[in-house]
Amino acid sequence: MQIKSVSLRNVRQFIDPVSIRDFGPGLNLLTASNEAGKSTFFDALHAAFYFPHRSWKQKEAKQLEPRSGGDPEVEVAFDYDGAVWKIGKRWSSSAARRQARLWKDDVLVAQAGEAEDRLAEILGASAEGGPAGLLWVRQGVVEMSERGEEQDARRGIMDSVAGEVEAMTGGRRMEEALNAVRKAIDAEMTTRGPKRGSELERLTGEVDYLGKEQSRLQDLVRRQESDLELRRKLRLELAELTDPESRHADEQAARKAAQDLEAAKAHDEKVKAAGASLASQEAKRDSVQGAIDALSLKLTEKQQAEEAQIQAAEAFKAGQQALADAETRLGTARQDDAAADQEQRACRDMRDRILKAQAAQAARSRRTDLEKRIADAEALRARTETLDAEIAQGLSAKALAALEAHEANLNVAIRARDRAAASFTVRYEAESVGRIRIGGAPVDGDTARSITETTVLDIDGIGALELRPPVGAGDESVEAARVVLQEALTTNGFEDMAAARVSAVKRAADEDVLRGLTAQFAAIAPDGIDALRKALAVLPVTGEGVENLPALDAAEAALDNADVVRAKSGATLREAQTAFDLADKAFARLEGAATSAGERLVRATTALGAHDDPVTDLEQMRAEVATLEDAVVAARGALTALEAQAPDLRAAEAVAQRTASVLEATRTRVAALERQLAELNGAIGQRGSEGIEEELETVSGQLAARRTRLEKLQFDIRANKRLLKALEDAQARARNRHVAPVVQELVPLLRLIWPDADPVVNAETGMITSVTRRAVEEDFDVLSGGTREQISLLVRLAFARILAREGRPAPVILDDAIVYTDDERIEQMFNALTQQAQDVQIIVFSCRQRAFRALGGTPLVISREDAA
C-alpha cells in the first residue's frame, strides 16, 4: 500500500479544506515550522485508517474537532493491488452525519460499516489496530516500550516472525566445517582480492607478467615480418627507378621538350612584330579618317545653323503678336471679376444680418429654459445636502456586519457553554400523578435540559431541589464575548442590536433616495450648476428685429446667384491670366531661341576658319585614307600567315616542365629509398641477432603452465565458496525459523549507524534487549535517549520490510521522530531511510527545515483548496 494524497476539512485548526498531494513511492518529506499542522495531518491519517467513523466518543476522534465546532472530515487516496483506492470518513456528534465511504478507481464500492470492513481487509489489520502502532511514530513517541497501545499493535506483527525457540541443526560440527572452509578461502583471498604472499597472488602476478611479455614478443615478431616485406617492395621500386634504359629515355624526352620550347618562343616573337606593324598602319589610317569625320561635321553644322537662324526669326515675330492679344483679354477679365465681387459682398452682408436677428430671437427662449434648470438644480442640491447629513448619522452596512460578527461570537460562546453544561432528564412513572416544575411550569419527561444557571426544581409532594452549574463552565467566554459586543454597540451609540439594525435599515433607505436625487441632478445639470450659469451668461441680451428685413430664403437665393456670377468671373479671370502667362513664357523662349541661333552660326563659321577651301581639303584626305587602307590589308595578311604556322607555346612549356620534373622526382625518390633501405637493414639485422622467435616460444610455454596451475587454484577457491554458501544457507534456514527475520533486516541498518554493532533480540518477544558494540554488550535501557530513539526507528524500518515481504506493505510515517539525534548521526539516519525507501514508502514530517534539507526525497507541501 502506498499513500497518494490526504485532504482535511474541519480538522483542528483547518476549518477550510487543505491537502497534501503527490506522495511519491519511496521517501517523502514535509518540512514546516511548528504549529503548521504536521501532527494534525499525522493524526488525521491514523484516524482515517484505524478509527471507525462511529467512534465519536473515543478521545482520539474527538481531538480532531475544531474549537469552533464542526464535523471533522478526512479523505486519503492510496495505491493497493494495482488499483487507486480512496477512503473518506466524517466523524460527528450526530449519528446521522457520520459517514464512511470507500472508492476504487473513482467508483464507490462500499459505505458505512461495509467500507470499514473492506478497509480492514485491505490493511490486514488486527483487532488492536494493525501495524500503525509500530510503523507510524507520533511526535514524542519513539521507544519500543513494554507498555501501551504501541506494544499491543506490535505483538500482532511478531506473530508473523516469532515462534518457539528450537535448537539449530548442525551444532559444533557445522561450526567446525564452516571454520575449515573459511580458513581455506582466507589463506588465498581477502574481501578485496588475492591475499598478500599467497599462492593465488604469486600465480596471478606471474600470469600477468608472462602475458604482457608474450604480447611484447609477438609485437616484435610481427614488426620483423612487416619490415622484411617492406624491404622487398622497396628494393623492387629502386631497381625500376635506376634501370639505365628507362633513365636514358627520360633524359632524351627532357632534351627534346627543351628544344621544342625554344623554337616556339622564337616564332612567337615574329608574330608579335607582325602584330605591331599592323597596329601602326591601322593607327595612321584611323587618324586621317578622324580628321575627315571632324571636317564633315563642321560643314554640316554650318548649314544647319543658317537654316535654324531663319526659322527662329519668323517664330519670334509671331510670339510677339500673341503676347499683345493675351494682355488685352486679361484686362477685360479683371474688370468683370471686380464687379461680381462687390455684388457678392452685398448679398452676404444682408444674409448675415437676417441670421443674427434670428439668433437673438432663439437666445431669449434659451435664457428662459436655463433659468428654470438652474432653479431646479439648486433645489435638488439642497435636498441632497440634507440627506447626506442624515445618512452620516446612520449605521453603515460595514459597521453593522462588524456588530453582527461580535453577536455571532457571543452566540457561539453560548452554544459552547450550553454543550459543556450539566443537564438532567426527568423520567416519570407511568402511573405518577405529581410533577416537577420550574417557576410553576411543569418539566416535560424524557427531555434533556441544560443547567447554565442556578435552577430550582419544585417537586410535588416533596419540596424543592436547587441545581447549580459548575463555576466558570464557559461563563467567562460568554461574558467576554458579551462585553466586546456591548462595547462595540456603545461606541456606535446604540443600546442593543435591534436599535443598530433599525438605524442601518433607515440609512440604507436614505441612501436609495439619495441615489435617485443624484440621478435627477445629473440629468438637469450634467456638468454642474456653474456650467449652466456660464451658458446663460454668454447668451445675447438684445438684438436687431427681423420685422424690417427681407425673408431669409430670398436673401440666400440672391447670395447663391451672386456666388454663381462671381465663380464664372473668377474662372474667366484665371483662364485669361493663364493664357497671358503662357504667352509671356513662350515669347521669352522664342527670344532666347533667336539669340541662340545667331550664336550657333557664328560658332560654326569660326570652326571652319583653318580651311581656305574645306571641300577640296576633304577630297584630298579621302584619297589618303584609301592608300593607308591598302597597307593595312597587306600587314593583316602577313600576320595571319605567321599565326597559322605558329606552334602551341603553352603546350611546349607544359611538356618541358613535366619531363624535367620526372627526372628530379626520380633522383629524389632514389635517394629516399636508399636511406629507408639502410634503416630497415639495420633494424632487421638487430632483431635477428636477438633471437626473439625462440624467446617467444619459451615465454608462451611458461605462460600456459602458469595458467593451468592458476585455473586449478581458482577452481578450488570457487568450490570452497560454494561449499561455504551451502553451509551458511543450511545454518540460516535453521535460524530463520524464529527471530532471524528481524535480525536480518535490522543488522545492516544498525551498521549504517554503528559499523560494529550487533543487536541481541529476545527470541520470545522480538524485543531488543541489548546492543553489542566494540565487543561490549550494553543494556538497551541504559543507552542514551538519542541512541534508543535511533534503534527504535531502525526496528520499525526492519518490520516494514518484513510486512512488505509478507504481502502486507505499509508506509512508515514519522512525525519529528529524530529530535534527539546529533548532526553527524542524523546524516547516517538519512542514509538508512533512503536505503529502506527503495522498497517501502516512508513519509517524514519535521519542523527542522535546515537539518532535513539533506534528506532529499519527494518534497511535500500543505496547500489550501477551494471550499466548494
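Residues numbered from 1 in each chain as written. Predicted model: local features only at pLDDT ≥ 70, side-chain atom pairs only at ≥ 80, totals over all residues. Heavy atoms only, no water.

The strand order β7-β6-β5-β4-β1-β2-β23 describes an open sheet built from seven strands, whose pairing is antiparallel. Only two strands of the sheet have a single partner each, and these edge strands are β7 (107-111) and β23 (863-864). Judged from the two bridges that link them, strand β2 (residues 18-20) and β23 form a sheet pairing that is antiparallel. Among the inter-strand pairings, Ser19 is bridged to a residue of β23, identified as Ser863. Taken strand by strand, helix α1 (residues 38-50) contacts β1 (2-9), β2, β4 (73-80) and β5 (83-90), and its axis lies near 105° from that of β1. Docked against the sheet, helix α3 (residues 112-123) engages β4, β5, β6 (99-104) and β7, running at close to 100° with respect to β7. (Pairing = 2+ DSSP bridges. Helix = DSSP H or I, 4+ residues; strand = E, 2+ residues; numbered from the N terminus. Contact = heavy atoms within 4.5 Å. Axes fitted to C-alpha atoms, helices over the stretch in contact; angles between N-to-C directions.)

What the rule picks out here adds up to five aromatic pairs. Positioned above the aromatic ring of Trp103, the side-chain terminus of Lys86 is 4.6 Å from the ring centre. Above the face of the Tyr428 ring, Arg435 is positioned so that its terminal group lies 4.2 Å from the ring centre. (Phe/Tyr/Trp six-rings, centres within 6.5 Å; stacked < 30°, edge-to-face > 60°. Lys NZ or Arg CZ within 6 Å of the ring centre and 35° of its normal.)

Moving on, we get to the sheet that holds strand β13 (residues 441-442). Ordered in space as β13-β12-β15-β16, the four strands form an open sheet in which the pairing is antiparallel. Since the sheet does not close on itself, it has two edges, and those belong to β13 and β16 (463-467), each with one partner. Both strand β12 (residues 436-438) and β13 contribute to a ladder of two bridges, which runs antiparallel. Of the residues in β13, the one forming a bridge with Ile438 is Ala441.

A few words on the environment of Leu241. Examined against the element boundaries, Leu241 turns out to sit in helix α7 (residues 199-241). Through-space distance from the C-alpha of Leu241 to that of Arg667 is 8.6 Å; in sequence the pair is 426 residues apart. Excluding residues within four positions of it along the chain, Leu241 makes contact with Thr666, Arg669, Val670 and Leu673.

Assignment of secondary structure puts Arg231 in helix α7. Here Arg231 is buried and forms no salt bridge, its nearest opposite-charge partner Asp227 lying at an N-O distance of 9.3 Å. (Buried < 20%, exposed > 50% of the residue type's maximum accessible area, 1.4 Å probe, protein only. Lys, Arg positive; Asp, Glu negative; His and termini not counted. Salt bridge = Lys/Arg side-chain N within 4 Å of Asp/Glu carboxyl O.)

What follows concerns the environment of Gly275. Mapped onto the fold, Gly275 is located in helix α8 (residues 244-393). When the C-alpha atoms of Gly275 and Ala635 are compared, they prove to be 8.1 Å apart, with 360 residues separating the residues in sequence.

So, about helix α18 (residues 785-805). Taking 1.5 Å as the rise per residue, α18 with 21 residues should run 30 Å; its terminal C-alpha atoms sit 31 Å apart, in good agreement. The buried fraction of α18 is high, at 17 of 21 residues. (Expected span 1.5 Å × (residues − 1).)

Interpreting fine coordinate detail is not advised for predicted regions of low pLDDT. Scored by pLDDT, the protein has a mean of 80; 89% of the residues are at 70 or more. In this model residues 126-134 is a low-confidence stretch, pLDDT under 50, and it forms 20 contacts with partners more than four residues away in sequence or in other chains. In the model, residues 142-170 has pLDDT below 50 throughout and makes 61 contacts with residues more than four positions away in sequence or in other chains. (pLDDT = per-residue confidence, 0-100.)

All told, the structure shown has 39 salt bridges when counted by the stated rule. Across the salt bridge formed by Glu695 and Arg216, the nearest N and O atoms sit 4.0 Å from each other. Of this pair, Glu695 sits in helix α16 (residues 692-735) while Arg216 is found in helix α7, placing the two residues 479 residues apart along the sequence. Linked by salt bridges that have partners in common, Glu199, Arg202, Glu206, Arg706 and Arg709 make up one network.

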